[in-house]
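# A structural walkthrough
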There are 2 protein chains.
Amino acid sequence: MNPGDVVIGILGGGQLAKMSAQAGRKLSFKIRVLDPTPECPASQVAEQVVGSFRDPETVKSFAKTCHILTFDLEHVDLTPLFELKRNIRIVPAPETLTLIQNKFEQRQAFYKAGLPVPKFSVVSNKEDLEKKLPIVQKSLVGGYDGRGTVILKSREDLEKALPLPSLVEEYVEIEKEIALIVVRNNKGEFRIYDPVEMVFHPEGNLLDYLFCPADLSERLTRDVKELALEAVKAIGGVGLFGVELFLDKRENLYINEIAPRPHNSGHHTIEACVTSQFEQHIRVITGLPLGSEKLLSPAVMLNLLGEPGFYGKPVYEGLDKVLAIPGVSVHIYGKKETFPLRKMGHVTVLGETLQEALKKATIIKEILKVKGEVKK
Amino acid sequence: MNPGDVVIGILGGGQLAKMSAQAGRKLSFKIRVLDPTPECPASQVAEQVVGSFRDPETVKSFAKTCHILTFDLEHVDLTPLFELKRNIRIVPAPETLTLIQNKFEQRQAFYKAGLPVPKFSVVSNKEDLEKKLPIVQKSLVGGYDGRGTVILKSREDLEKALPLPSLVEEYVEIEKEIALIVVRNNKGEFRIYDPVEMVFHPEGNLLDYLFCPADLSERLTRDVKELALEAVKAIGGVGLFGVELFLDKRENLYINEIAPRPHNSGHHTIEACVTSQFEQHIRVITGLPLGSEKLLSPAVMLNLLGEPGFYGKPVYEGLDKVLAIPGVSVHIYGKKETFPLRKMGHVTVLGETLQEALKKATIIKEILKVKGEVKK
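Note that the coordinates shown come from a computational prediction; the quantities given were computed from them, not determined experimentally.

## With respect to the interface of chain B and chain A
It is common to give the size of an interface as the accessible area lost on bringing the parts into contact. Between chain B and chain A, the residue contacts involve 46 residues of the former and 46 residues of the latter. Among the residues chain B hides against chain A, the three largest losses belong to Lys26(B), Gln44(B) and Leu323(B). Together they make up 16% of the total. Remark: the boundary between chain B and chain A carries 4 salt bridges. Lys313(B) is the salt-bridge partner of Asp5(A), the closest N and O atoms lying 2.9 Å from each other.

Printed below as a string of structure tokens:
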């Protein structure tokens, strides 16, 4: 193979595409991204075609210029891809994305494979919704970074209910939220990264920070890894996937969701693992051998979210101070505008021990703020 | 600081500029490179201005579009930079590059600072050259990757002598060749990376492979690091430098050369260290704090040199096989044409132990070959 002759296309040009493109450029693959926002993050390291990944004609003409097509986000128009896959290699397959795009279909696939999931059903009217409280309500399609998910505990909460029909799941008292990256190729070979433990932002269901390795017994770690692989197999997944799971108070494991692309829970792998999730992504979509997922160091990853009250051109306050801390790697995605809770970057901290990394992360959280030129 | 508002300019767009640009894009700095070859390696991840870094007018108009200027190679026309430095930040300073560009001046600076160097002088006529045999002859300016250096042991060798005047050095029986990266900022803060041991290609004085940590006693390692820092101070160096040293058969250390830019002997730092030399380069030229140089894993780095007899569009034979070896990271620079011994990429191997990494490196050397479409 001569990477310089291979054109990889990515639908979406945000930070996930940027970091995948970075990995691909290491081998000098040709990389292009389709994104409606001019000067999207990935355009710094890939060729951007400005256009909408929700428009079938645009997706079709973009895909025709590529040998391989993959995804920065799952909420794209899949219609043209079923024809296109006869001539270009699409990873993960459009069928897999179709299954993933609909949360009910996704759950069904895990359930049918005998994998543990919270009890779930589709609810189409308000009375049924009320009868099932307390529940977690999720929109059937769309929804990412916590959007499209609400917890409804009592009748008062009903005013924030999502439109119907929607997916509802039993409300489980969550003890820990866990995630990991799984890559699997069409030869059935796979790599399962060490699980991370996620801590969420009080507002917005958004990932605040995570640490690796997760605080789990050896047995549980093994179970989590096995379950994540089974989840990928249950959806016939070939490609790279982010699998989210949770533990209830009695240490029962449940599969939460799966994403058909690199995932926030794998960003630490750039500095902390032998092969980053992004390089792994490039390897699996191009048919190259899979790399080692070995963890080289304990790590903490913090998201850099836009500060509440700020908009417009971003200002990275405290950047200098934070870069002075040993073991700190800052990633700024290059988005032109900030708004509250927008993912503007992330910081990975390596430490001799997890405790050391967590201590540094707490300091970083206090110092590094993404503000904006416009205050509202 | 807002990285998106800062334009970093690099004179030269080869692999060193590419890898520095990769590091800069992590923080979304704006990065542009000046290079005469269209679609140079760095153009994949930076904006390229096509033009010659040896032409003063071109360098001047390029530099005026940047806030910060740095170097992918030292053999550029420095003349315009002395004026330009009043308005833009040039790191390392033009004065430092002037001193480095002339091998005699470089040696003099080390000598005057009392640092150990091989005996040296400038020779202007053939008789003097012959009298001094055996010697190492080096052209005063230009010369990199082993070009511009010849070993003349006896009168028969004189036919391969370089033009005069040139630098000559006593011929020292070299036991080991060592190199390391030193970064130093204008506050006097510095980081000294762990030394690597270099093994050279039998033809061409070209680096074949290296390993880190070097096989040196603790005391020698300390001495090497101190000496490298003194060498940087001796030339008033602020920026990132690659320092080459050697040990003779009696364990005497000598400074060989210094390069005012990221160096082949630091490529392993991308995978093996907390902060790569390229990120360190970006930090020091932008005035950001220096990062940790800590080594996370033993590493071996092999250069991927064009196979003798092959030219034209490169073909990377054995790429698949090599990527199947755990701990292997392949870098392909994206040069459009290969020729014998051209640096087309490199491979870094991490291992639990250095022995393991060296074993894998031996296998890789056998399997991975850069051939070309044209065979001569």
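## A look at the nonpolar core
In this structure, Val330(A) and Val330(B) are the most contacted members of the largest nonpolar core, which totals 115 residues. Apart from the residues within four sequence positions on either side, Val330(A) is in contact with Leu304(A), Leu319(A), Val322(A), Leu323(A), His346(A), Val347(A), Lys26(B) and Leu27(B).

## Here we look at the environment of Leu220(A)
Among the structural elements, Leu220(A) can be located in helix H7 (residues 218-234). Ignoring anything within four residues of it in the chain, the contact list for Leu220(A) reads Leu247(A), Glu251(A) and Leu253(A).

## What to know about the domain arrangement of chain A
All names here are of chain A. Along its sequence, chain A is carved into domain 1 (3-90), domain 2 (119-169) and domain 3 (174-375). The interface is formed by 21 residues belonging to domain 1 together with 23 residues belonging to domain 3. Of the roughly 1900 Å² buried between domain 1 and domain 3, counting both surfaces, carbon and sulfur atoms make up 63%. It is Gln15, Leu16 and Met19 in domain 1 that bury the most area against domain 3; as a group they hold 28% of the surface buried on that side. Run the count over domain 1 and domain 3 and you get 3 salt bridges. When the shortest N-O distance is used, the salt bridge between Glu74 and Arg261 registers 2.6 Å.

## Examining the side chain of Thr70(A)
Residues and elements named next belong to chain A. Looking at the secondary structure, you find Thr70 in strand S4 (residues 68-71). The class of Thr70 is buried, set by a relative accessible area of 1%. Here His281 takes part through its side chain, which lies 3.0 Å from a polar atom of the side chain of Thr70. Thr70 has contacts with Gly9, Ile10, Leu11, Val91, Pro92, His281 and Ile285, leaving out every residue within four places of it along the chain.

## Observations regarding the sheet that holds strand S5 (residues 89-90) of chain B
Note: strands within a sheet are paired through backbone hydrogen bonds, in either parallel or antiparallel orientation. Residues and elements named next belong to chain B. Spatial ordering of the open sheet is given by S3-S2-S1-S4-S5, a layout of 5 strands whose pairing is parallel. At either end of the open sheet lies a strand with only one pairing partner, and these are strand S3 (47-50) and S5. With 4 bridges connecting them, strand S1 (residues 7-11) and strand S4 (residues 68-71) associate as parallel partners. Residue pairing in the sheet places Leu11 in a bridge with Phe71 of S4.

## Some remarks on the sheet that holds strand S6 (residues 120-123) of chain A
Residue and element names in this part refer to chain A. The sheet built from 4 strands is open, its strands ordered S6-S9-S7-S8 with antiparallel pairing. The sheet is open, and its two borders are formed by S6 and strand S8 (149-152), each paired with just one other strand. Between one strand axis and the next, the sheet turns through 30° on average, direction left out of account. Two strands pair when backbone bridges link them, and S6 and strand S9 (residues 166-170) are joined in this way by 4 bridges, in the antiparallel orientation. Bridging across to S9, Ser121 finds its partner in Val168. In the packing of helix H5 (residues 103-112) onto the sheet, contacts are made with S6, strand S7 (135-138) and S9, and the angle to S6 comes to roughly 155°.

## Examining the pattern of salt bridges
Inspection of the entire model under this criterion finds 50 salt bridges over all chains. Between Glu39(A) and Lys336(A) there is a salt bridge, with its nearest N and O atoms 3.6 Å apart. Of this pair, Glu39(A) sits in the loop between strand S2 (30-35) and strand S3 (47-50) while Lys336(A) sits in the loop between strand S18 (328-332) and strand S19 (343-350), and the two are 297 residues apart along the sequence. Glu39(A) gets classed as partly exposed once you look at its relative accessible area, which sits at 48%. We note a salt bridge from Arg283(B) to Glu279(B), for which the minimum N-O separation is 3.1 Å. With a gap of 4 residues between them, Arg283(B) and Glu279(B) both fall in helix H9 (residues 277-286), about one helical turn apart. The exposure class assigned to Arg283(B) is buried, which follows from its relative accessible area of 1%.

## A closer look at the relation of the copies chain B and chain A
When chain B is fitted to chain A, the best match, at an RMSD of 0.0 Å, comes from turning it 180° and sliding it 0.0 Å along the axis. The superposition of one copy onto the other is thereby described by a two-fold rotation axis. Distance from the rotation axis, computed per C-alpha, reaches its smallest value in chain B at Val45(B): 2.1 Å. The residues that chain B uses at the interface reappear at the interface of chain A in 100% of cases, marking a shared surface.

## Some words on the packing of helix H1 (residues 15-26) of chain A against helix H1 (residues 15-26) of chain B
It is the contact of H1(A) with H1(B), at a shortest axis distance of 11 Å, that shows an interaxial angle of 170°. Classified by the angle between their axes, H1(A) and H1(B) sit roughly antiparallel to one another. When H1(A) is examined against H1(B), the residues Lys18(A), Gln22(A), Arg25(A) and Lys26(A) are found in contact with a partner set consisting of Lys18(B), Gln22(B), Arg25(B) and Lys26(B). Class assignment of the residues belonging to the contact of H1(A) with H1(B) gives a composition of no nonpolar, 2 polar and 6 charged.

## Quick notes on the pairing of S2(A)
The buried count for S2(A) comes to 5 of 6 residues, which makes it a mostly enclosed element. Handedness of the crossover is the feature at issue here: the chain leaves strand S1 (residues 7-11) of chain A, passes through H1(A), returns alongside S2(A), and the resulting connection is right-handed.

## Focus on the confidence of the model for chain A
Any segment with low pLDDT has predicted coordinates that should not be analysed in fine detail. Confidence in the prediction for chain A averages 94 pLDDT; 98% of positions are at 70 or higher. As a predicted assembly, this complex carries a pTM of 0.94 together with an ipTM value of 0.93.

## Details of helix H7 (residues 218-234) of chain B
Taking 1.5 Å as the rise per residue, H7(B) with 17 residues should run 24 Å; its terminal C-alpha atoms sit 24 Å apart, in good agreement. The set of residues buried in H7(B) consists of Leu220(B), Thr221(B), Val224(B), Leu227(B), Ala228(B), Leu229(B), Ala231(B) and Val232(B).

## Focus: the environment of Leu216(B)
All names here are of chain B. Looking at the element boundaries, Leu216 is found in the loop between strand S13 (207-212) and H7. Classification of Leu216 as buried rests on a relative accessible area of 15%. In this structure, the C-alpha to C-alpha distance between Leu216 and Lys30, residues 186 residues apart in sequence, is 41 Å. Other than its neighbours up to four places away in sequence, Leu216 contacts Lys176, Ile178, Pro195, Thr221, Val224 and Leu247.

Criteria and thresholds
Residues numbered from 1 in each chain as written. Chains lettered and ligands numbered in written order. Predicted model: local features only at pLDDT ≥ 70, side-chain atom pairs only at ≥ 80, totals over all residues. Heavy atoms only, no water. Contact = heavy atoms within 4.5 Å. Buried area = accessible area lost by both parts, 1.4 Å probe. Salt bridge = Lys/Arg side-chain N within 4 Å of Asp/Glu carboxyl O. Core = buried A, V, L, I, M, F, W, Y, C linked by side-chain atoms within 4.5 Å. Buried < 20%, exposed > 50% of the residue type's maximum accessible area, 1.4 Å probe, protein only. Helix = DSSP H or I, 4+ residues; strand = E, 2+ residues; numbered from the N terminus. Domains from an automatic or database assignment. Polar contact = N/O pair within 3.5 Å; in protein donor to acceptor, adjacent residues only side chain to side chain. Pairing = 2+ DSSP bridges. Axes fitted to C-alpha atoms, helices over the stretch in contact; angles between N-to-C directions. Least-squares fit on C-alpha atoms with pLDDT ≥ 70 in both. Parallel < 35°, antiparallel > 145°, perpendicular 65-115°, else oblique. Nonpolar A, V, L, I, M, F, W, Y, C, P; charged D, E, K, R; others polar. Right-handed = clockwise from strand over helix to strand, strands pointing away. pLDDT = per-residue confidence, 0-100. Expected span 1.5 Å × (residues − 1).

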